[in-house]
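An overview of the molecular structure
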Amino acid sequence: MATRLTAARPYTASTARRFGVAAALVLVAAIAAFAYWQANPVKAARAAYAACAGHAAAELHAPDPRVRQQATDTLVECASRS
């Protein structure tokens, strides 16, 4: 049974609990989004590909077909690892 003091309160314990849970979920989502933004997996993948590919991209225009094929294989291997 509600007393006059608790009946006049706009927030009850269950409302406060729901607000706390919602605030905690928003905080967790914000922290996860910030961590993902800081990690920047796309930039890391590009850097790893560039480091792996090295000068293979320049060898795609070599006159020797074996060198071109080897460069293509290297680039495909680097792309599969990234």
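Relevant structure appears above.
Computed from a predicted structure; not experimentally measured. (Residues numbered from 1 in each chain as written. Predicted model: local features only at pLDDT ≥ 70, side-chain atom pairs only at ≥ 80, totals over all residues. Heavy atoms only, no water.)

A look at the packing of helix α3 (residues 41-53) against helix α4 (residues 65-81)
To keep things clear, this is the line we draw: Under this scheme, a helix contributes an axis fitted over its contacting stretch, all axes are lines through C-alpha atoms, and angles between N-to-C directions fall in the 0 to 180 degree range. Helix numbers and strand numbers start at the N terminus; a helix is a DSSP run of H or I with at least 4 residues, a strand a run of E with at least 2. By the definition adopted for this analysis, an angle is roughly parallel if under 35 degrees, roughly antiparallel if over 145, roughly perpendicular if from 65 to 115, and oblique otherwise. Handedness of a crossing is defined here by the sense of rotation of the near helix relative to the far one, left-handed for an anticlockwise turn of less than a right angle and right-handed for a clockwise turn. The contact definition used throughout considers only heavy atoms, calling two residues in contact when any of these lie within 4.5 Å. Residue type decides the class: Asp, Glu, Lys and Arg count as charged, Ala, Val, Leu, Ile, Met, Phe, Trp, Tyr, Cys and Pro as nonpolar, and the leftover types, Gly among them, as polar.
At their nearest, the axes of α3 and α4 sit 9 Å apart, and the two run at 150° to each other. Here α4 runs roughly antiparallel to α3, going by the angle between their axes. For the pair α3 and α4, the crossing hand works out as right-handed. Two secondary-structure elements touch here, α3 through Y49, C52 and A53 and α4 through L75, C78, A79 and R81. The residue inventory of the contact of α3 with α4, partitioned by class, reads 6 nonpolar, no polar and 1 charged.

Thoughts on the environment of A51
Our working definition: Working definition: with a 1.4 Å probe on protein chains only, accessible area under 20% of the residue-type maximum means buried, over 50% means exposed, and in between means partly exposed.
Topologically, A51 is positioned in helix α3. Residue class for A51 comes out exposed when judged on its relative accessible area of 63%. Separated by 27 residues in sequence, A51 and C78 have C-alpha atoms that sit 9.0 Å apart.

Details of unusual backbone geometry
With the exception of glycine, the majority of residues adopt a negative phi angle, and the majority of peptide bonds are in the trans configuration. With a phi angle near 50°, N40 is a residue other than glycine that sits in the positive phi range. Mapped onto the elements of the fold, N40 is located in the loop between α2 (13-39) and α3.

Quick look at the state of the cysteines
Here is the rule: When two cysteine sulfur atoms lie within 2.5 Å, the pair is treated as a disulfide.
According to the stated counting rule, one finds 1 disulfide in the structure shown. Across a sulfur-sulfur distance of 2.0 Å, C52 and C78 are joined as a disulfide pair. Between C52 and C78 the sulfur-sulfur dihedral comes to about -75°; the bridge is accordingly left-handed. You can see C52 sitting in helix α3 and its partner C78 sitting in helix α4, a full 26 residues away along the chain. Of the residues examined, C52 reaches a relative accessible area of 25% and is grouped as partly exposed.

Examining the pattern of salt bridges
The test is simple: Only one rule defines a salt bridge in this text: a Lys or Arg side-chain nitrogen within 4 Å of an Asp or Glu carboxyl oxygen.
Using the criterion set out here, one finds 1 salt bridge in the structure. Measuring nitrogen to oxygen at the nearest pair gives 3.6 Å for the salt bridge that ties R66 to D64. Judged by relative accessible area, D64 falls into the partly exposed class, the value being 27%.

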